[in-house]
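Residues per chain are reported as follows:
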Amino acid sequence: RGGEYDDRFDNQAITGVDCVAGGAGNGNSNIIKNPSFANNADNWELWTSANAAATLNTTTGNGDVTISSAGSKPFEIQLRQKVALRRGHYALHFRGKADANRDMSFRIIKASPGYNTYFNRNIALTTDNRFIGRYLWFSTETTDDRFIQFN
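Residues numbered from 1 in each chain as written. Predicted model: local features only at pLDDT ≥ 70, side-chain atom pairs only at ≥ 80, totals over all residues. Heavy atoms only, no water.

### Some details on the overall build of the protein
Here is step 1: Along its length, the protein carries zero helices and ten strands.
Here is step 2: Start at the N end of the protein and walk to the C end: the helices and strands fall as β-β-β-β-β-β-β-β-β-β.
Here is step 3: Residues counted as buried form 45% of the 151 residues belonging to the protein.
Here is step 4: Put simply, the protein shows about 7400 Å² of open surface, and 46% of that area lies on carbon and sulfur atoms. (Helix = DSSP H or I, 4+ residues; strand = E, 2+ residues; numbered from the N terminus. Buried < 20%, exposed > 50% of the residue type's maximum accessible area, 1.4 Å probe, protein only. Areas by Shrake-Rupley, 256 points an atom, 1.4 Å probe, with all protein chains shown as cover.)

Here you go:
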């Protein structure tokens, strides 16, 4: 799509984010800090480019993102958290909804220049708060230079 992403001028809510490590040496623990936003926005960042504007509200126990200016590219608004990964298997899932049906990306990317994508799923959000995923993913390396990202 070209031009402004007008269909992104709505709210989206994310909660219960889990990236559970499993398998050899990884245990079965969630690597996401503050996954249910119980501690407000602690450990979460709402990043916007100079061409976009959005706010993050966590008072509802969700990560509610309100977009006031979407920018021209889908990655210009990102709800994200930096995570440390160990080589091994992960199961990724969360709950999500939007004020109107819309598409969203759920990604694991490099957190430094290059911003390589290691995991990417396009998600069709609806107005129902629903369980999304149980995506299985394998990290081929151990690193603390990754973002879990919604945009």
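### Details of the sheet that holds strand E7 (residues 102-110)
Here is step 1: Reading across from one edge, E2-E5-E10-E7-E8 is the order of the five strands in this open sheet, with antiparallel pairing throughout. In this open sheet, the two edge strands, each paired with only one partner strand, are strand E2 (45-48) and strand E8 (117-125). Within the sheet, the average angular offset between the axes of one strand and its neighbour, ignoring direction, is 25 degrees.
Here is step 2: As defined by bridge partners, E7 adjoins strand E10 (residues 143-150) across five bridges and the pair is classed as antiparallel. Pairing of isoleucine 109 across the sheet is with phenylalanine 147, part of E10. (Pairing = 2+ DSSP bridges. Axes fitted to C-alpha atoms, helices over the stretch in contact; angles between N-to-C directions.)

### Some words on the nonpolar core
One recurring pattern in soluble globular proteins is that nonpolar side chains are buried together.
Here is step 1: Within the largest apolar cluster, 29 residues are counted, with the highest numbers of intra-cluster contacts made by Leu92, Phe94, Phe106, Ile123, Ile148 and Phe150.
Here is step 2: Where this core is concerned, the elements lending two or more residues are strand E4 (63-69), strand E5 (77-85), strand E6 (88-98), E7, E8, strand E9 (130-139) and E10. (Core = buried A, V, L, I, M, F, W, Y, C linked by side-chain atoms within 4.5 Å.)

### Observations regarding the environment of alanine 70
Here is step 1: When you line up the elements, alanine 70 lands in the loop between E4 and E5.
Here is step 2: Taking the C-alpha atoms as reference points, alanine 70 and asparagine 51, 19 residues apart in sequence, are found 7.6 Å from one another.

### Side note on unusual backbone geometry
Here is step 1: Positive phi, normally seen in glycine, also occurs at asparagine 40, with a value near 55 degrees.
Here is step 2: Relative to the helices and strands, asparagine 40 resides in the loop between strand E1 (11-22) and E2.
Here is step 3: Look at asparagine 43: it is not a glycine, yet its phi comes out positive at around 75 degrees.
Here is step 4: The residue asparagine 43 is located in the loop between E1 and E2 in this model.

### What to know about the environment of arginine 134
Here is step 1: Mapped onto the elements, arginine 134 comes out in strand E9.
Here is step 2: Residues arginine 134 and tyrosine 90, spaced 44 residues apart in sequence, show a C-alpha to C-alpha distance of 9.3 Å.
Here is step 3: Discounting chain neighbours no more than four positions away, the residues touching arginine 134 are Ala91, Leu92 and His93. (Contact = heavy atoms within 4.5 Å.)

### Thoughts on the pattern of salt bridges
Two side chains that carry opposite charge are able to pair once their charged atoms sit near each other.
Here is step 1: Following the criterion strictly, the structure yields two salt bridges and no others.
Here is step 2: Note that glutamate 45 is salt-bridged to arginine 80, the shortest N-O span being 2.9 Å. You can see glutamate 45 sitting in strand E2 and its partner arginine 80 sitting in strand E5, a full 35 residues away along the chain.
Here is step 3: Classification of glutamate 45 by relative accessible area gives partly exposed; the value is 32%.
Here is step 4: The residue glutamate 141 makes a salt bridge to arginine 146 at a minimum N-O spacing of 2.3 Å.
Here is step 5: Note on glutamate 141: relative accessible area 33%, which makes it partly exposed. (Salt bridge = Lys/Arg side-chain N within 4 Å of Asp/Glu carboxyl O.)

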